[in-house]
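Summary of structural features
What follows is each chain in one-letter form.
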2 protein chains.
Amino acid sequence: MITPLIKKFEWFVHLSDEDRRLLRAMASGGVQHALPGEDIVREGDHPVFVYLVLDGWAHRYKVLEDGRRQIISFFLPGDLCDLNIFLLKEMDHSIGALTSLSYLRVTRQVMDTLVEFSPRIRSALWWDTLVSAAIQREWTVNLGQRSAIERVSHLICELFIRTRMVGLGDDQTFPFPVIQADLAEATGMTTVHVNRVLQELRSRNLILFRRKRLRILDVEGLTRLALFNDNYLHLGREGAHMDADDRSAVGTG
Amino acid sequence: MITPLIKKFEWFVHLSDEDRRLLRAMASGGVQHALPGEDIVREGDHPVFVYLVLDGWAHRYKVLEDGRRQIISFFLPGDLCDLNIFLLKEMDHSIGALTSLSYLRVTRQVMDTLVEFSPRIRSALWWDTLVSAAIQREWTVNLGQRSAIERVSHLICELFIRTRMVGLGDDQTFPFPVIQADLAEATGMTTVHVNRVLQELRSRNLILFRRKRLRILDVEGLTRLALFNDNYLHLGREGAHMDADDRSAVGTG
DNA sequence: CGCCGCTTTGATGGAGATCAACCTTCGTGG
DNA sequence: CCACGAAGGTTGATCTCCATCAAAGCGGCG
């Protein structure tokens, strides 16, 4: 059930059986569900839980007074939002479901337990936080410096890798359950222009988009066009020195 | 010496004398200096220290293959970069001095000590991390949704508050040691256009810029123009419940 | 005094916004 | 099984904000 999270963590450190058992305790509160468009948290709410996406996609967003809306990040299965958010009085943004969604609401107590009893999980959570921050920084670069077509391509490259990190999708195709309006709000463009950019990417034989799945026809080409460098995703198994060496360890990834 | 950090933390929780003593231990490695334009850390480096800015401004930036450059964040006195960065193998961005700079390099061991011996400092560090993340998200919104003049205004509003948080500047005027090229790289604009936007802000009697200081003539007006909402800076003394109540507590801020 | 880094100005061009339709797809119910 | 409607995708015409290019001003410091 929480396998996406485990799959992601394994990119950092190999967990022990005990670690996995601990992580499964996150589900003790029961699985929650939301419909597309439904908000999980709203700006101004008092934060109580850490959220973990199990299935489906969610997004973080902010709305300006005059209605302009920006998607700040996407949450894929295995993504956690806002470790230690309890320290804040009010949410400064909202989180909503993009697709139909199942997720966990994890209490402070459960998070504390994870951190207390497993140094590996503690590190993996920090690593995840650092990677999330790096992604947000990369979005800053994306919006600040890249052209429309580069921006869309870059986002696609990122989501391709993040999708595979959590064990979804295959070599060339992966779930891409967002509509053009979502892409527009994430990249700071209009839907009209997103549409034209996607057509351009298709006509260059870089991508193919069918039935909520995206196929990258030319990873190399798309990467080059996007000026994409995956170093900010920190896939180097950086916690390998603290790997659990019990039989449950997975391959070298 | 580390007063800016302490001043900032006091926006979250009142520290005890013991807390301050602990924080001063961060300076045990000696004060470092850098000249304007000098890099402190480069993309690709293996991260070893947490950095704390004492005096002057620094910036985090990334450079694309073709030379385009984006400033990702500004570091003011009292700003920490990259708590727990040790978990990563390589830096995914660079940090450089904007002005002449003094700063501390804090080792993992010293950070661990802070966190171990003071729950207040532990929380304050997390709070600071959460606020930094919120700032990065707000930059995403800024670049994605706001027009050029709104973007520049918003950045000015933010830096005004952050400056006052660490005890610099007065009611209307604060140090603003960045050149127009820096503003351009932070807002994803050209220097030419930054220049014209600043002229517009001056002609509307919103700001005044002299000798590396900025005076906001009409805070209300600038805030409105920028669609600025300071909630993401979380100035609500959110850790007040864990205030140290010894005599060293400062006013209510 | 003169240079260098920074700011300012003007002219021109283009990426992407805006506005307004129209088309396609797909789920729903009659 | 088809009609219908709504959500999402596509198109074309026009406009505007900001980039680009090039040059000239300014001011602080050696």
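Quick summary incoming for the structure in this document. Computed from a predicted model, the values in this text were never measured in an experiment.

A word on the protein's contact with DNA strand C. Neighbouring DNA strand C are 15 residues, the closest being A148(A), T190(A), Q180(B), N195(B) and Q199(B). Counting only atoms of DNA strand C within 4 Å of the protein, the fraction found in sugar and phosphate groups is 73%. For DNA strand C, a phosphate oxygen lies 2.7 Å from a polar atom in the backbone of A148(A). In this structure, R202(B) approaches DNA strand C through a side-chain N or O atom, which is 3.3 Å from a phosphate oxygen. If you tally residues by element for the surface near DNA strand C, the top one is helix 7 (residues 191–203) of chain B, at five residues. Considering only residue class, the surface near DNA strand C consists of five nonpolar, seven polar and three charged.

So, on to the nonpolar core. Grouped together as the largest cluster of nonpolar side chains are 170 residues, with contacts concentrated most on M26(A), F74(A), L201(A), M26(B), F74(B) and L201(B). Among residues more than four places away in sequence, those in contact with L201(A) are I149(A), V152(A), S153(A), I156(A), L206(A), I207(A), L222(A) and L225(A).

So, about the relation of the copies chain B and chain A. Each of the two chain copies can be generated from the other by rotation about an axis followed by a shift along it. When chain B is fitted to chain A, the best match, at an RMSD of 0.0 Å, comes from turning it 180° and sliding it 0.0 Å along the axis. On this basis, the relationship between the two copies can be described by a two-fold rotation axis. When the interface residues of chain B are mapped onto chain A, 96% of them again fall at the interface, so both copies present the same face.

Quick look at the sheet that holds strand 3 (residues 50–55) of chain A now. Residue and element names in this part refer to chain A. Strand order in the open sheet formed by four strands is 1-8-3-6, with antiparallel pairing between adjacent strands. Two strands lie at the open edges of the sheet, namely strand 1 (31–34) and strand 6 (80–81), each paired on one side alone. By the bridge criterion, five bridges tie strand 3 to strand 8 (residues 101–106) in an arrangement that is antiparallel. When the sheet's bridge partners are listed, L52 is paired in strand 8 with L104.

What counts as what
For every chain, the first residue of the written sequence is number 1, and numbering continues from 1 along that sequence. Ligands are numbered from 1 and chains lettered from A, in the order in which they are written. Confidence filtering applies because this is a predicted model: local features only for residues at pLDDT of at least 70, side-chain atom pairs given and counted only at 80 or more, and all residues used for totals across whole chains, interfaces and linings. As a convention, hydrogens and water are excluded, and side-chain values are obtained from all of the structure's heavy atoms. Any residue with at least one heavy atom within 4 Å of a molecule or strand is counted as near it. Whenever two N or O atoms come within 3.5 Å, that pair is a polar contact, provided that in protein one can donate a hydrogen and the other can accept it, and provided that, for residues adjacent in sequence, both atoms are side-chain atoms. In DSSP terms, a helix is any run of H or I states spanning at least four residues, a strand is any run of E spanning at least two, and both are numbered starting from the N terminus. As a working rule, the residues Ala, Val, Leu, Ile, Met, Phe, Trp, Tyr, Cys and Pro are called nonpolar, Asp, Glu, Lys and Arg charged, and the rest polar, with Gly in that last group. Residues belong to one nonpolar core when they are buried, are Ala, Val, Leu, Ile, Met, Phe, Trp, Tyr or Cys, and are joined through side-chain atoms within 4.5 Å. Relative accessibility under 20% of the residue-type maximum defines a buried residue, over 50% an exposed one, and the middle range a partly exposed one, all with a 1.4 Å probe and only protein chains included. Only heavy atoms enter the contact rule, under which two residues are in contact if any of them lie within 4.5 Å. Copies overlap after least-squares fitting; the atoms used are the C-alpha atoms of residues with pLDDT of at least 70 in both. One bridge is not enough; two strands pair if DSSP finds at least two bridges between them.

These values are about where atoms sit, not about what they do.
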